[in-house]
Amino acid sequence: GEDVEQSLFLSVREGDSSVINCTYTDSSSTYLYWYKQEPGAGLQLLTYIFSNMDMKQDQRLTVLLNKKDKHLSLRIADTQTGDSAIYFCAEARAAGNKLTFGGGTRVLVKP
Amino acid sequence: EPEVTQTPSHQVTQMGQEVILRCVPISNHLYFYWYRQILGQKVEFLVSFYNNEISEKSEIFDDQFSVERPDGSNFTLKIRSTKLEDSAMYFCASSGGTGYSPLHFGNGTRLTVT
């Protein structure tokens, strides 16, 4: 079945760039997402990318997709303390299909 | 910006009791979902709903679970006879409509079964 893996933890200094990595196994993945979860809150959609793209930029966020290696990354430029949260990557085969989530990467931003 | 709303934010129930978790999806969305997150574990898919019927369900979604869209706005998850292991955060999500729309999640209902 589908599997999505992420590293557990990332510590970064305020103002530096953060890079969160994700690997997935399903070669039929068509949509790949990044969600942010702050303590006690829901899942906030940050960005998504279609599998026919290799990069997407949205303000401080850059998503890179290496479809051959099934590797997805999220780069946050100029990381702020408000970026401290758990970041989940997720994939889906088609619109309307279920998402398969990674275990989440806890990002801690130090002043 | 439109959002998915869930009520209640926290529900405490005794083992064996029935609970209904409620969601109001984004109004022009066509696909509706329930996910759950047991503390410290991954977010897991439970069920998807489209065109007034279940389109996909996971192994977790057994006979004690059911979903309903009783009117044009609400989407509910019922757990018939709760077990201790049903304690989790339950997230509702919606997507779809005109053109592609990614899944938007609500803030979740924390269910505690005692």
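Described below are features of the structure shown in this document. Keep in mind the model is a prediction, meaning the values are calculated, not measured.

Basis of the calculations
- Residues numbered from 1 in each chain as written.
- Chains lettered and ligands numbered in written order.
- Predicted model: local features only at pLDDT ≥ 70, side-chain atom pairs only at ≥ 80, totals over all residues.
- Heavy atoms only, no water.
- Contact = heavy atoms within 4.5 Å.
- Buried area = accessible area lost by both parts, 1.4 Å probe.
- Salt bridge = Lys/Arg side-chain N within 4 Å of Asp/Glu carboxyl O.
- Polar contact = N/O pair within 3.5 Å; in protein donor to acceptor, adjacent residues only side chain to side chain.
- Nonpolar A, V, L, I, M, F, W, Y, C, P; charged D, E, K, R; others polar.
- 1 Å grid on protein atoms, 1.4 Å probe; cavity = no way out; pocket = protein on both sides within 12 Å on 5 of 7 lines; lining within 4 Å.
- Points joined across faces, edges and corners; volume = space filled by probe spheres on them.
- Helix = DSSP H or I, 4+ residues; strand = E, 2+ residues; numbered from the N terminus.
- Disulfide = S-S within 2.5 Å.
- Buried < 20%, exposed > 50% of the residue type's maximum accessible area, 1.4 Å probe, protein only.
- Pairing = 2+ DSSP bridges.
- Axes fitted to C-alpha atoms, helices over the stretch in contact; angles between N-to-C directions.

1. Details of the interface of chain B and chain A
Counting residues at the interface gives 16 residues for chain B and 22 residues for chain A. Here chain B meets chain A over a buried area of about 1600 Å², counting both sides, of which 60% is carbon and sulfur. When the buried area of chain B at its contact with chain A is split by residue, B:K42, B:Y100 and B:F105 rank highest and sum to 36% of it. Counting across the chain B and chain A interface gives two salt bridges. Residue B:K42 pairs with A:D3 through a salt bridge whose shortest N-O separation is 3.4 Å. One can count six residue pairs in polar contact (both at pLDDT 80 or more) joining chain B with chain A. The residue makeup of the side of chain B that touches chain A, split by class, is 10 nonpolar, four polar and two charged.

2. Structural notes on the layout of surface pockets
For the largest pocket, the calculated volume is near 490 Å³. Together, 23 residues line the largest pocket, and A:Q37, A:I86, A:F88, A:R106 and B:Q37 are the ones closest to its centre. Within the residue set of the lining of the largest pocket, elements represented by two or more residues are β9 (85-92) and β11 (105-110) of chain A. Looking at the lining of the largest pocket, the element that brings in the most residues is β11(A), giving four residues. Across the lining of the largest pocket, the residue classes break down as 10 nonpolar, nine polar and four charged.

3. Some points on the state of the cysteines
Throughout the structure, instances matching the rule amount to two disulfides over all chains. What pairs with A:C22 in a disulfide is A:C89, and their sulfur atoms sit 1.8 Å apart. On the sign convention where negative means left-handed, the S-S torsion of about 60° between A:C22 and A:C89 marks this disulfide as right-handed. Residue A:C22 is located in strand β3 (residues 18-24), and its partner A:C89 is located in strand β9; the two are separated by 67 residues in the primary sequence. A single burial state applies to A:C22 and to A:C89, both of which are buried. The partner cysteine of B:C23 in its disulfide is B:C92, sulfur to sulfur 1.9 Å. Handedness of the B:C23-B:C92 disulfide follows from its S-S torsion of about -65°: it is left-handed. Of this pair, B:C23 sits in strand β3 (residues 19-24) while B:C92 sits in strand β9 (residues 88-95), and the two are 69 residues apart along the sequence. Across the pair, exposure class does not vary: B:C23 and B:C92 are buried alike.

4. Observations regarding the sheet that holds strand β7 (residues 65-68) of chain B
All names here are of chain B. Read across the sheet, four strands follow the order β1-β3-β8-β7 without closing on themselves; strand pairing throughout is antiparallel. Strand pairing shows two members of the sheet lacking a second neighbour, β1 (5-7) and β7, which therefore form its edges. Neighbour-to-neighbour, the strand axes of this sheet turn through a mean angle of 20°, independent of strand direction. Note that β1 and β3 share three bridges and pair antiparallel. Residue pairing across strands places T7 opposite R22, the latter belonging to β3.

5. Some remarks on the environment of A:V109
Residues and elements named next belong to chain A. The residue V109 is located in strand β11 in this model. In the structure, V109 is positioned 26 residues away from D83 in sequence and 7.0 Å away in space, judged by C-alpha atoms. If near-sequence neighbours (up to four positions away) are discounted, V109 is found in contact with V12, R13, E14, T79, Q80, T81, D83 and S84.

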